[in-house]
Amino acid sequence: MRFFSFLKDYRKETVLAPLFKLLEAVFELCVPLAVASLIDNGIAKGDGHHILMMALLMVALGIIGLLSSVTAQYFAAKAATGFAVKMKSALYRHITELSESDRDEIGNPTLITRLTSDSNLVQNGINMFLRLFMRSPFVVFGAAVMAFTVDSSLAMLFALVIPVLGLVVCLIMRRTVPMYRSVQSALDRILSRVRENLSGIRVLRAFGKEKDEEHDFSADLSSLLSLQLSSGKISALLNPLTYAIINLAIAVLISEGRKRYGLDLIEAGSIVALVNYMSQILTELIKLANLIITISRAMASWKRIDAVFDRQPSMSDPTDGFTSDGEGDEAVSFSDVSLVYRKGGEPSLRDASFTIRKGERVGIIGGTGSGKTTLVSLIPRFYDTSTGLVSVLGHRTDEWQRSALRSLIGYVQQKSLLFKGTIRSNVAWGKPEATDEEITEALKAAEAYDFVMEKKDGLETRVEEGGKNLSGGQRQRLSIARALVRKPEILILDDSSSALDYATEARLRHNLSLLKDMTIFTVSQRTGSLMSMDRIIVLDKGRIVDIGTHDELLERCSVYKEIYDSQFGGEA
C-alpha cells in the first residue's frame, strides 16, 4: 500500500513510539495503588517511613513516566515528520510529472492545498495515532482490570460505565466525523477564493469588484461558520455527557464505598484508588474521542492526496528516447495535427501541417482564440496531439526524452514569470553555469542590458516574487534573456514583446535577426512585428488559413490583410 511505503524507513520508530507510551501507561496505572498503600499503610498506621517510601515511589513513577512520554513523542514525531517529507517529495515529483492537461483538469489551487494543508493534517494524524492508539484503550481497560484487583464488587461499576461512555463517544463521533469532512471541503473553497483574489487583486480593483468579492467571501465564511457551529454543538456534548456519567459513577462509587468501609470490607485508600482509576478512564476516553476526530480528518486528507497519486500522467516519457537532434535541416514539422483540450469540446487546433527549416524565422498571427499558443505549445511537448504528428529536429516529439527536447528549446510566454532572487539568478535559470560574459551577451540581445546596468546593484539587483518590482517590459526582456542564455536550437516567443514600445521591439528584432543558426517562432498580434519574417503562419479559428511572406499574404490572405488594415489603415 502506498501509505505504508512512506513509513517503511521508520519501522523502528512506529514500533517504539507506542511501546514507550504503553510503558508510560503502566507506570500511570501503578500510581493509584501507591496512593492507596500510602493512605492505608502509611497515614492510617502513622508509619512515616512507609509514607516516605511511597512518596519516593510516586516521584520515581512520575519521572520514569515523563521520560517514557518524551521518548515516545520523539519517535512519533520522527516517524510522522519523515513520512511527511517522503510523501510531500513524492507528491511534488508526481505533480511535476503530470502533463499540462492533467494539471489543467485537476486545478492548481487544489494541488497546492493537497500538498500543504492536507499533507499537514495527515502528518498530525500519524503523530497522534502513534502516541495514543494503544495507550488510551490500554489505560481504559487496564484501569478496569486494576479496579477488580482492588475490589471486585465495586469494580462491577466500571463494567457498566465503560460501555455507556463508549456508546456516547461513538454516537457523537458518528454525527461529527462527516461534518468535519464537510468543514474541510468548505475551507478548501475559501482558500481557493483567497488565492485567486489575491493574485488578481489589480483586476478586482480595476473593475470595482471588491464589494462583490467581499460579499461572496462573507457568504463562504458564513457557510463554513454554520458547518463549524453545527459540528461544534454536537462535539460540545462530549465533555458534559462523559463528565456527568463519570461524576455520577464516582458518586455511586463513594456511596457504596462508604457502606463497605463501615463494614470493614474495604479501606479508605482503596476507595481513593478506585476514584483515580475512574478519572483515568474519563481522561483517556476524551483523548480517544479527539484522536478519532484527528484520524478522521487525516484519512479524508489522505484520500485526497492518494487521488492525485492515482492520477497517472497522460504523457509518457520514453526511457530510451532521443537525446540529440537528427540529421537533416528540418527544425519543426506538423502533419495533420489537431488538439482538443481536456478530452472534450471543440478542437483548439485543426489539421495543421507545415515544415520549418533550421534557421528560419517564423511569425504566427491570428485573432484571439485562433490557436497560436496551442500551436507553439506542441513544439516543446507541453501537450500531446489528439491526432497527427509533431516532429522536432528530426524526431517525433513523443520519441524524445522530454528533458532533452526542452533543453534545446527556449520558450518565453506572454505572461513573464520571474522568480524571487536576483537578476543574475533569473537570467541564469536556463543555464546555471552561465558566465558573466554569457549573461551580458544575452541581456544585450534582449535589450535588457542598459536598464540592468542602470540599477545600483546591477546583476545582483533583488527580484521580488513574480518580478513585481519590475515593469512589464523589463520582465519580458529578462525572460527573453533567460531563454537566450542557453543558446537554444529553437526559440519560441509567445507574444513576449507585447509590453515593449515599438523602438525597443525593433531593436530586439534586429538583435534576434543576427542569430542565424537559431530557428525562431514569434507569436504576435502586431503585423508590424512580423513583416520581416521568412514566413508567417496565419491562424483563424484553430485552422491554418495561409502561410507565406508578408507581401504574399497581403495579396492573397484576407484574414491577414484584415488584421494589417485594422492596424495600419486601408491606405497603408
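Residues numbered from 1 in each chain as written. Predicted model: local features only at pLDDT ≥ 70, side-chain atom pairs only at ≥ 80, totals over all residues. Heavy atoms only, no water.

(A) Representation of the overall build of the protein chain. A tally of regular secondary structure across the protein chain gives 20 helices and twelve strands. At 35 Å, the protein chain has a C-alpha radius of gyration far larger than the 25 Å of a compact globule built from 572 residues. When the 572 residues of the protein chain are sorted by exposure, 45% land in the buried category. A fraction of 77% describes how many contacts in the protein chain between residues 6 or more apart in sequence connect residues 24 or more apart. About 28700 Å² of surface is accessible on the protein chain, with carbon and sulfur atoms providing 57% of the total. (Helix = DSSP H or I, 4+ residues; strand = E, 2+ residues; numbered from the N terminus. Rg over C-alpha atoms; globule rule 2.2 N^0.38 Å. Buried < 20%, exposed > 50% of the residue type's maximum accessible area, 1.4 Å probe, protein only. Contact = heavy atoms within 4.5 Å. Areas by Shrake-Rupley, 256 points an atom, 1.4 Å probe, with all protein chains shown as cover.)

(B) Spotlight on the side chain of Asn426. Secondary-structure assignment places Asn426 in helix H14 (residues 423-427). A polar contact is formed between the side chain of Asn426 and the backbone oxygen of Thr422, at a distance of 2.9 Å. (Polar contact = N/O pair within 3.5 Å; in protein donor to acceptor, adjacent residues only side chain to side chain.)

(C) Expanded view of the packing of aromatic side chains. The tally for this structure, following the rule as stated, stands at 15 aromatic pairs. On the basis of an interplanar angle of 80° and a centroid distance of 5.0 Å, the ring pair of Tyr341 and Tyr383 is categorised as edge-to-face. Of this pair, Tyr341 sits in the loop between strand S1 (330-339) and strand S2 (349-357) while Tyr383 sits in the loop between helix H12 (372-377) and strand S4 (387-392), and the two are 42 residues apart along the sequence. An aromatic cluster is defined as three or more aromatic residues linked by ring pairs; in this entry it consists of Phe3, Phe4, Phe6, Phe83, Trp302 and Phe309. Here the guanidinium or amino end of Lys444 rests over the ring plane of Tyr449, the centre of that ring lying 5.0 Å away. The ring of Tyr502 is capped by Arg526, whose NZ or CZ atom sits 4.7 Å from the centre of that ring. (Phe/Tyr/Trp six-rings, centres within 6.5 Å; stacked < 30°, edge-to-face > 60°. Lys NZ or Arg CZ within 6 Å of the ring centre and 35° of its normal.)

(D) Here's a closer look at the nonpolar core. The biggest cluster of nonpolar side chains holds 31 residues, and the ones touching the most others in it are Phe158, Val161, Ile246, Leu274, Tyr277, Met278 and Ile281. With ten residues, helix H11 (residues 268-310) is the single largest residue contributor to this core. Apart from residues lying up to four places away in sequence, Ile246 is in contact with Val161, Leu165, Met278 and Leu282. (Core = buried A, V, L, I, M, F, W, Y, C linked by side-chain atoms within 4.5 Å.)

(E) Spotlight on the pairing of strand S12 (residues 543-548). Summarising the sheet, strand S11 (residues 535-540) and S12 pair through five bridges and their orientation is antiparallel. When the bridges of S12 are listed, Leu539 appears paired with Ile544. In sequence, S11 turns back onto S12 through a hairpin of two residues, with Lys541 there showing a positive phi of about 55°. (Pairing = 2+ DSSP bridges.)

(F) Highlighting the layout of surface pockets. By volume, the second largest pocket amounts to about 440 Å³. Forming the boundary of the second largest pocket are 17 residues, of which Phe3, Phe4, Leu7, Ile126 and Phe129 lie nearest the centre. Listing elements by their share of the lining of the second largest pocket, those giving two or more residues are helix H1 (2-5), helix H5 (108-132) and H11. By residue class, the composition of the lining of the second largest pocket is 13 nonpolar, two polar and two charged. (1 Å grid on protein atoms, 1.4 Å probe; cavity = no way out; pocket = protein on both sides within 12 Å on 5 of 7 lines; lining within 4 Å. Points joined across faces, edges and corners; volume = space filled by probe spheres on them. Nonpolar A, V, L, I, M, F, W, Y, C, P; charged D, E, K, R; others polar.)

(G) Representation of helix H3 (residues 48-97) within the structure. The end-to-end C-alpha distance of H3, which contains 50 residues, comes to 73 Å, matching closely the 74 Å that a straight helix rising 1.5 Å per residue would cover. Its side-chain oxygen at 3.2 Å from the backbone nitrogen of His49, Asp47 defines the N-terminal cap of H3. (Expected span 1.5 Å × (residues − 1).)

(H) Broad picture of the pattern of salt bridges. Tallied over the entire structure, the rule returns 34 salt bridges. The residue Glu284 makes a salt bridge to Lys287 at a minimum N-O spacing of 3.6 Å. Of this pair, Glu284 and Lys287 both sit in helix H11, three residues apart, which is roughly one turn of that helix. Using a relative accessible area of 31% as the deciding quantity, one classes Lys287 as partly exposed. In this structure, the salt-bridge partner of Glu360 is Arg535, at a minimum N-O distance of 3.0 Å. Remark: Arg535 occurs in strand S11 and Glu360 occurs in the loop between S2 and strand S3 (361-366); sequence separation between them is 175 residues. (Salt bridge = Lys/Arg side-chain N within 4 Å of Asp/Glu carboxyl O.)

(I) Region of the structure containing unusual backbone geometry. One non-glycine residue, Asp336, lies in the positive phi region at around 50°. Counting through the fold element by element, Asp336 comes out in strand S1. Phi is positive for Asp351, close to 45°, though the residue is something other than glycine. Its place among the elements puts Asp351 in strand S2.

(J) Seen up close, the confidence of the model for the protein chain. Scored by pLDDT, the protein chain has a mean of 87; 99% of the residues are at 70 or more. Across the protein chain, the secondary-structure element scoring lowest on mean pLDDT is helix H7 (residues 152-199), at 78, and the one scoring highest is S11, at 95. (pLDDT = per-residue confidence, 0-100.)

(K) Region of the structure containing the packing of helix H6 (residues 135-150) against H11. For the pair H6 and H11, interaxial distance at closest approach is 9 Å and the crossing angle is 165°. It follows that H6 is roughly antiparallel to H11 by the angle criterion. Where H6 crosses over H11, the handedness of that crossing is left-handed. Contacts between H6 and H11 pair Arg135, Ser136, Pro137, Val139, Val140, Ala143, Ala144, Met146, Ala147 and Val150 from the former with Ser270, Leu274, Tyr277, Gln280, Ile281, Glu284, Leu285, Lys287 and Leu288 from the latter. Tallied by class, the residues present in the contact of H6 with H11 amount to 13 nonpolar, three polar and three charged. (Axes fitted to C-alpha atoms, helices over the stretch in contact; angles between N-to-C directions. Parallel < 35°, antiparallel > 145°, perpendicular 65-115°, else oblique. Left-handed = near helix turned anticlockwise from the far one by under 90°.)

(L) Structural detail: empty space enclosed by the protein. In this structure the tally under the stated criterion is one cavity of 30 Å³ or more. The calculated volume of the largest cavity comes to roughly 140 Å³. Looking at the largest cavity, it is lined by 15 residues, and the ones nearest its centre are Leu493, Arg509, Leu512, Thr522 and Met533. Among the elements of the structure, helix H18 (502-513) and strand S10 (519-523) are those that each provide at least two residues to the lining of the largest cavity.

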